[in-house]
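# What the coordinates show
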Amino acid sequence: MKHSILTFLITCCIFSVGCGKSTDSKPDPVPAPPVVVAPTPKRPGSIGIVGDSSNVVKTVTGGMVLMGGGTDVEAAFKWMINKSGGGDVVILRATGTDAYNSFVYALGSVNSVETLLINSKELANDDIVAYIIRNAEMVFIAGGDQSDYMNYWRGTKVEKALNYLLTEKKAPVGGTSAGCAILGGLYYSGETGGVTSAQALVNPYDSNITLYNNDFLKAPYLQNVITDQHYLTREREGRSMVFLGRILKDWNIPAKGIAVDERTAVCIDANGTAKVYGDYSATRPYSYAYFLATSTTKQPEQFVANTKVTWKNSDQAVNVYEIPAAVDGGGNFNVANFNFAEATGGKSYWWWIDNGVLNKKLQ
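Rules of the game
Residues numbered from 1 in each chain as written. Predicted model: local features only at pLDDT ≥ 70, side-chain atom pairs only at ≥ 80, totals over all residues. Heavy atoms only, no water. Salt bridge = Lys/Arg side-chain N within 4 Å of Asp/Glu carboxyl O. Helix = DSSP H or I, 4+ residues; strand = E, 2+ residues; numbered from the N terminus. Buried < 20%, exposed > 50% of the residue type's maximum accessible area, 1.4 Å probe, protein only. Axes fitted to C-alpha atoms, helices over the stretch in contact; angles between N-to-C directions. Parallel < 35°, antiparallel > 145°, perpendicular 65-115°, else oblique. Left-handed = near helix turned anticlockwise from the far one by under 90°. Contact = heavy atoms within 4.5 Å. Nonpolar A, V, L, I, M, F, W, Y, C, P; charged D, E, K, R; others polar. 1 Å grid on protein atoms, 1.4 Å probe; cavity = no way out; pocket = protein on both sides within 12 Å on 5 of 7 lines; lining within 4 Å. Points joined across faces, edges and corners; volume = space filled by probe spheres on them. Phe/Tyr/Trp six-rings, centres within 6.5 Å; stacked < 30°, edge-to-face > 60°. Pairing = 2+ DSSP bridges. Polar contact = N/O pair within 3.5 Å; in protein donor to acceptor, adjacent residues only side chain to side chain.

## Section: the pattern of salt bridges
Per the stated rule, a full pass over the model turns up 10 salt bridges. One salt bridge connects Arg-263 with Asp-279, and the closest N-O pair in it is separated by 3.0 Å. Pair noted here: Arg-263 is in the loop between strand E10 (256-260) and strand E11 (264-269) and Asp-279 is in the loop between strand E12 (273-278) and strand E13 (288-293), with a separation of 16 residues, a long-range link. A residue is classified by how much of its surface remains accessible, and Asp-279, at 24% relative accessible area, is partly exposed. When salt bridges with common partners are traced through the structure, they connect Asp-228, Arg-236 and Arg-239 into a single cluster.

So this is what it looks like as structure tokens:
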């Protein structure tokens, strides 16, 4: 009898275990695959953007801004923004931050402001970088070291994109300090170090006078122009005279010069008419722009290495027009023909160099 009861209990246990594996029970839930969000495509070189990152197309009007460094000229940025049609603004630089983004964005109505830090040939040849620049309605090149721009950007897709904006799309393009230095077809690179007026006037072939002739940007009206910046602040009149003398003597080019001081900007419209914007007042002396012109008939008399420069031509070596800046744009100067007879709002001077000393007189 005990044996029968034991057999019955064992049988029940086996049956209950089998019921635990019944096909009527629900299977364990299968975990759902994780949701994968595709990353936003990185914009190479971008160090910040404000506004709408999607591209817009706006009607633009050509124009150039040559800014002399120091405090940025708000009126010149507003002038460019107006010509951009309110499109996308791109700030270019090889060093520094995205501080221009919020500054420019607050000055007018634009779709976006983005800063690209392009500090290598690889980035300068990146297709997306070039695309961003080509689709901009306004480009501004920040200060820094112009030899960086020359070494990183020259001969690259960035150069082609900038020249497309300048010559085909005709969007407003500007630069300050080093960014202004590279906008002339003729330019001083500073790649081996800076040069002062005092150094240049006693040795016009100083090793730091490194000049280039139309191998980079193709800005309208500026192919035979060399620019200079921080002009009166750093007393650069003498060195710009030497730059012009070198170009005339070495390349036989009767070059022109546009020199801009700090807190000052030369704004050149699509027709080549320039006005000078800034915060000039009688108590702030460093707010002028200068337009200089040489002639093949007025060659330097003494212009050799390690010898003080003499470039007199009866004390009329170089024709110079000085325009004081104004908040709403001072004076008028025709950069398309450099006809001094058409200039208004300023004063005409003759500049010359006598045994290493720069001289000036009113015409």
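## As for the packing of helix H5 (residues 127-134) against helix H7 (residues 157-169)
Between H5 and H7, the shortest axis-to-axis distance is 9 Å and the interhelical angle comes to 20°. With respect to H7, the element H5 is oriented roughly parallel. Crossing hand, H5 versus H7: right-handed. Of H7, the residues touching H5 (which contributes Asp-127, Val-129, Ala-130, Ile-133 and Arg-134) are Lys-157, Val-158, Lys-160, Ala-161, Leu-162, Tyr-164, Leu-165 and Lys-169. Here the residues of the contact of H5 with H7 sort into 8 nonpolar, no polar and 5 charged.

## Digging into the layout of surface pockets
Space inside the largest pocket adds up to approximately 300 Å³. Surrounding the largest pocket, 22 residues form its lining, Gln-146, Tyr-188, Arg-234, Arg-236 and Arg-239 being those nearest its centre. Among the secondary structure elements, those contributing two or more residues to the lining of the largest pocket are helix H8 (178-181) and strand E9 (225-228). Among the elements that take part in the lining of the largest pocket, E9 stands out by supplying 3 residues, more than any other. Size it by volume and the second largest pocket reaches roughly 150 Å³.

## Comments concerning the packing of aromatic side chains
Within this structure, the stated rule accounts for 19 aromatic pairs. Ring centres 5.8 Å apart and planes at 45° place the aromatic pair Tyr-290 and Trp-351 in the tilted group. In this pair, Tyr-290 sits in strand E13 while Trp-351 sits in strand E16 (residues 347-354), placing the two residues 61 residues apart along the sequence. Summarising the aromatic geometry, the rings of Phe-291 and Phe-338 are spaced 6.5 Å apart at their centres and angled 65° between planes, so their arrangement reads as edge-to-face. One end of the pair, Phe-291, is in strand E13; the other, Phe-338, is in the loop between strand E15 (330-334) and E16, with 47 residues separating them in the sequence.

## Describing the pairing of strand E6 (residues 173-176)
In E6, alternate side chains face the same way, and those of Val-173 and Gly-175 on one face and Gly-174 and Thr-176 on the other are all buried. Examined bridge by bridge, strand E2 (residues 63-67) and E6 share 4 bridges and lie parallel to one another. What sits directly across from Val-65, in E6, is Gly-174. Of the strand pairs in this sheet, strand E5 (residues 138-141) and E6 are connected by 3 bridges, and their pairing is parallel. Looking at E6, one finds that Ile-141 is bridged to Gly-175.

## Some words on the side chain of Thr-294
Residue placement: Thr-294 occurs in the loop between E13 and strand E14 (318-324). Among the polar contacts made by the side chain of Thr-294, one reaches the main-chain carbonyl oxygen of Ala-255 at a distance of 2.8 Å. Those residues in contact with Thr-294 that sit more than four places away from it in its chain are Leu-244, Ile-253, Pro-254, Ala-255, Trp-311 and Val-318.

## Re the pairing of strand E17 (residues 357-362)
The sheet contact formed by E16 and E17 spans 6 bridges and is antiparallel. Note on E17: the bridge partner recorded for Trp-351 is Lys-360. If you look at the hairpin formed by E16 and E17, you'll find 2 residues sitting between the two strands, and Asn-355 has a positive phi there, around 50°.

## Examining empty space enclosed by the protein
Evaluation of the coordinates by the stated rule reveals 1 cavity of 30 Å³ or more. The wall of the largest cavity is formed by Ile-226, Thr-227, Asp-228, Ser-240, Phe-243, Leu-244, Gly-257, Ile-258, Ala-259 and Leu-292. Of the residues assigned to the lining of the largest cavity, the class counts are 6 nonpolar, 3 polar and 1 charged.

## Some details on helix H2 (residues 74-84)
Of all the residues in H2, the buried ones are Ala-76, Phe-77, Trp-79, Met-80, Ile-81, Lys-83 and Ser-84. On its buried side, H2 packs onto E2, helix H3 (99-105), E5, E6, E11 and E12. Backbone geometry just after H2 places Gly-85 at a positive phi near 70°.

## So, the environment of Lys-121
Secondary-structure assignment places Lys-121 in helix H4 (residues 121-124). By relative accessible area, Lys-121 is classed as partly exposed at 39%. Lys-121 sits 30 residues away from Asn-151 along the chain, and the two C-alpha atoms are 7.9 Å apart.

## Observations regarding unusual backbone geometry
We note that Ser-177 has phi near 55°; this positive angle belongs to a residue other than glycine. Its place among the elements puts Ser-177 in the loop between E6 and H8. Here the phi dihedral of Tyr-221 falls at roughly 70°; this positive angle occurs in a residue that is not glycine. Following the sequence through the fold, Tyr-221 ends up in the loop between strand E8 (211-213) and E9.

## Let's talk about the environment of Gly-108
Mapped onto the fold, Gly-108 is located in the loop between H3 and strand E4 (112-117). Note: C-alpha distance between Gly-108 and Lys-78 (30 residues apart in sequence) is 6.6 Å.

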